[in-house]
Amino acid sequence: MLNLVIADAEVETVPAEIADHRVIRWHARQRGRRPTEIILNSGLHHAAMRRLPDGDRRGRPDIAHMCLLLALDAPLNREGLLRVYVHTRQDRLITVNPSTRLPRVLNRFEGLLEQLFLAGEAPPGKPLLRLERATLKELIGRLRPRKTITFSDRGQRKLMSEIYSGVSRDDDVCVVIGGFPSGDFLSDVGSISDEQVCIDPEPLTAPTVVARAIYVYEESLGITRSRLGR
Ligand SMILES: C[S@@+](CC[C@H](N)C(=O)[O-])C[C@H]1O[C@@H](n2cnc3c(N)ncnc32)[C@H](O)[C@@H]1O
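Residues numbered from 1 in each chain as written. Predicted model: local features only at pLDDT ≥ 70, side-chain atom pairs only at ≥ 80, totals over all residues.

A.B. asks: Which residues make up unusual backbone geometry, and what values go with them?
C.D. replies: In this model, alanine 122 is joined to proline 123 through a cis peptide bond whose omega is -10°. The backbone phi angle of aspartate 8 is positive, close to 50°, even though this residue is not glycine. Within the secondary structure, aspartate 8 sits in strand 1 (residues 2-9). Phi at aspartate 91 is positive, roughly 55°, even though this residue is not glycine. (Helix = DSSP H or I, 4+ residues; strand = E, 2+ residues; numbered from the N terminus.)

Here is the structure:
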C-alpha cells in the first residue's frame, strides 16, 4: 500500500488579518460566504495577500487539487492500493476517501473545501473528505509505514528506479511531497523521514513528482503488467 501525503499544502481559508480587504470582501460576496469562509487563492487575492507573512507562497489550492486528481485517477488507486492525505500549513489534515470523484474545475473544488473547513466533512451526509487537526508527525505516527520517503530538491540524488528498491506489496510505504510552490517544507521532515530523495537537478512541480512517485510504485509492484494480464 502506498500512502501519499501532500505536506505543508498551501490550502487555508482567508486569514482574519486580510478579511477586510476590498478584493476579499468582493469575492466572498460573489460566493455568498463570509470573507473568512472562502479559500485563499493567490490568483484572485494577490493584492490582499501582500500583507500576509509568506504571502508569496500561500493560497495555492490548485496544487493540492492537481495532485489529488492525478492520484485518484491512477490505476494504483483503482486497485485499492493508494491512500491520499493532504496536510496543510496550519496542521489541518484532509483524509480523502479513495472512491472520491473530485470536481475537475478548481472553482468547484474550492466550494468543496469551503464546506469541509466549515463542517469538518464534505459533502455533507456522505463525506468523501474529512478534516481534523494533526501534524505531519502525528499522521506518520498513526500510519506507521515500513518506510517514509520524502521527496525534496535538497535530498540525496536518486534515480526513480531506485526509490522503492526492497519494498514489497505487503509493505506500507509513505511518500511525502510538498504541496507548495516554492521555498522549503515548514514541517520538520527530517524527523519523520527514513530517506529524503532528490529526483532531478531542478525543482519540479508537486504534480509532476506525484505522478512519478505513483507510476514508479505501480511498476515496482507489476501493477500495469497484472492489469494487462501479461
Ligand atoms: C515546487 S516544489 C517546492 C519547491 C522546493 N524548493 C522543493 O523542492 O522543496 C514541490 C514539491 O515537489 C517535490 N520536488 C520538487 N522538485 C524535486 C526534486 N528535484 N526532487 C525531489 N522532489 C522534488 C518536493 O516534494 C517539493 O516539496
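A.B. asks: For the packing of helix 3 (residues 61-73) against helix 8 (residues 206-221), give the residues involved together with the corresponding values.
C.D. replies: Helix packing geometry: the angle between the two helix axes and the distance between the axes. For the pair helix 3 and helix 8, the least separation of the axes is 9 Å and the interaxial angle reads 20°. By the angle class used here, helix 3 and helix 8 are roughly parallel. For the pair helix 3 and helix 8, the sense of crossing is right-handed. Residues Ile63, Met66, Cys67, Leu70 and Ala71 of helix 3 form the contact with helix 8, whose participating residues are Ala206, Pro207, Val210, Ala211 and Ile214. Taken together, the residues of the contact of helix 3 with helix 8 break down into 10 nonpolar, no polar and no charged. (Axes fitted to C-alpha atoms, helices over the stretch in contact; angles between N-to-C directions. Parallel < 35°, antiparallel > 145°, perpendicular 65-115°, else oblique. Left-handed = near helix turned anticlockwise from the far one by under 90°. Contact = placed C-beta atoms within 7 Å. Nonpolar A, V, L, I, M, F, W, Y, C, P; charged D, E, K, R; others polar.)

A.B. asks: Could you give me a rundown of the UniProt feature "site: Interaction with substrate rRNA" (unreviewed entry) in the chain, with the residues and numbers involved?
C.D. replies: UniProt records the feature "site: Interaction with substrate rRNA" (unreviewed entry) at Arg60, Arg101, Arg104 and Arg108, using the numbering of this structure. In this structure, arginine 60 sits in the loop between helix 2 (42-49) and helix 3. Its 22 C-beta neighbours within 10 Å are what place arginine 60 among the buried residues. Arginine 60 has contacts with Glu10, Ser42, Phe180 and Pro181, leaving out every residue within four places of it along the chain. Along the chain, arginine 108 falls in helix 5 (residues 106-119). Note on arginine 108: 12 C-beta atoms within 10 Å, which makes it exposed. (UniProt positions renumbered as here; feature names shortened; annotations may be inferred. Buried ≥ 20, exposed ≤ 12 C-beta atoms within 10 Å, placed from the backbone.)

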